[in-house]
Amino acid sequence: MIKKKSREEIKRMKQAGHIVALVHQEMKKIIKPGITTKYLDDVAMQIIKDNRAIPTFLGYNGFPACICASVNEQVVHGFPLENVILKEGDIISIDVGATYGGLVGDSAWTYPVGEIDDEKKRLLKATEESLFAGISFMKDGNTLDMVGEAIEKVAIREKLGIVRQYGGHGVGHNMHEDPFVYNYKTGYQNTVLKAGMTIAIEPMLNLGGDDVEVLEDKWTVKTIDNMPSAHFEHTVLVTEDEPVLLTTLH
Ligand code: MG
Ligand code: MG
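Residues numbered from 1 in each chain as written. Chains lettered and ligands numbered in written order. Predicted model: local features only at pLDDT ≥ 70, side-chain atom pairs only at ≥ 80, totals over all residues. Heavy atoms only, no water.

Caption draft 1: How the structure looks around the coordination of the magnesium ion (ligand 1). For the magnesium ion (ligand 1), every protein donor is listed as Asp 95 (OD), Asp 95 (OD), Asp 106 (OD) and Glu 233 (OE), and the spread of their distances is 2.0 to 2.5 Å. Counting gaps between the donor residues of the magnesium ion (ligand 1) yields the pattern D-x10-D-x126-E. A separation of 3.1 Å is found between the magnesium ion (ligand 1) and the magnesium ion (ligand 2), which share Asp 106 as a coordinating residue. Taken together, the residues Asp 95 in strand β4 (residues 91-100) and Glu 233 in the loop between β13 (229-231) and β14 (234-237) connect sequence positions 138 residues apart. Residue classification places Asp 95 among the buried residues on the basis of a relative accessible area of 8%. A relative accessible area of 0% means that Glu 233 is categorised as buried. (Donors = N, O, S within 2.8 Å, 3.2 Å for Na, K, Ca; no water. Helix = DSSP H or I, 4+ residues; strand = E, 2+ residues; numbered from the N terminus. Buried < 20%, exposed > 50% of the residue type's maximum accessible area, 1.4 Å probe, protein only.)

Given below as structure tokens:
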């Protein structure tokens, strides 16, 4: 069942989203060659705590950190680690959730480490574009398949792989609520969007093929062909009018 959110719930989701955006603002500043992904997790944790919020990911199904830090061919759910040191030319996807007043904000972004090559630049630009293409269809009366189709169109145009086993989701009192959102047109994703729904849209696109696998740590998802992958996500409120991004600075 898809739960619509009240004005009060949306207010708290905006606060949660603001904190998530503060984390991303800081990540963008500090990501550079030579730092560890564990350090990024420590910084994110401090920001979330300083803002009287709870790191949503920590302990979620046993996840051991407050951010997911996925480097290069890693797609999502990478562990921040002391021995993962970023180097010039890497890309790193940071996914972070914060819970404020019982409500969740969830947002991911892929960052360049120093100077990256043109193919990685193209991947980041197109994946971000696909996120906003999908969001532009988050309107009362549209179906979720319209959102998936908009994302897929960008991937097809850029000849990028689409990760199919993971996707967007309703978000609110829980990080993962109904509905699931495929990042492509399925032909059956006919859920109709209504004002008051809050949904995280999160395309994951690859420079190579679609296929991914989970590493032995049971969490880290990587591309099978070891080609780089990018991930961009915002939590979005559907309204009668334009969609509202909740995971921005408010
Ligand atoms: Mg996320
Ligand atoms: Mg999410």
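Caption draft 2: Fine view of the coordination of the magnesium ion (ligand 2). Here the magnesium ion (ligand 2) is held by Asp 106 (OD), His 169 (NE2), Glu 202 (OE) and Glu 233 (OE), and the distances to it run 2.1 to 2.2 Å. All donor residues of the magnesium ion (ligand 2) come from one chain, and their arrangement in sequence is D-x62-H-x32-E-x30-E. Overall, Asp 106 belongs to the buried group, its relative accessible area being 2%. The exposure class assigned to Glu 202 is buried, which follows from its relative accessible area of 6%.

Caption draft 3: Geometry of helix α3 (residues 118-135). Between its first and last C-alpha atoms α3 spans 26 Å; for 18 residues at 1.5 Å apiece the expected length is 26 Å, and the two agree. Buried within α3 are the following residues: Lys 120, Leu 123, Leu 124, Ala 126, Thr 127, Ser 130, Leu 131, Ala 133, Gly 134 and Ile 135. Capping of α3 at its N-terminal end is provided by Asp 117; its side-chain oxygen lies 3.2 Å from the backbone amide nitrogen of Glu 119. (Expected span 1.5 Å × (residues − 1). Polar contact = N/O pair within 3.5 Å; in protein donor to acceptor, adjacent residues only side chain to side chain.)

Caption draft 4: Spatial organisation of the nonpolar core. Ranked by size, the top nonpolar core spans 57 residues in total, and within it Met 27, Ile 31, Leu 40, Ile 92, Ile 94 and Ile 201 carry the most contacts. Once you skip the residues sitting within four places of it in the chain, Ile 31 turns out to touch Leu 40, Leu 86, Ile 92, Ile 94, Tyr 111, Pro 112 and Val 113. In this structure, Ile 10, Phe 57, Ala 200 and Leu 246 belong to the second largest nonpolar core, which totals 13 residues. (Core = buried A, V, L, I, M, F, W, Y, C linked by side-chain atoms within 4.5 Å. Contact = heavy atoms within 4.5 Å.)

Caption draft 5: Focus on the sheet that holds strand β7 (residues 168-170). Within the open sheet, the 5 strands sit side by side as β8-β7-β9-β14-β15. Their pairing is antiparallel. In this open sheet, the two edge strands, each paired with only one partner strand, are β8 (177-181) and β15 (244-245). Sheet topology note: the β7/strand β9 (residues 198-201) ladder contains 2 bridges and is antiparallel. The partner of Gly 170 across the bridge, within β9, is Ile 199. The sheet contacts of α3 involve β9, β14 and β15, and relative to β14 the element is tilted by about 15°. (Pairing = 2+ DSSP bridges. Axes fitted to C-alpha atoms, helices over the stretch in contact; angles between N-to-C directions.)

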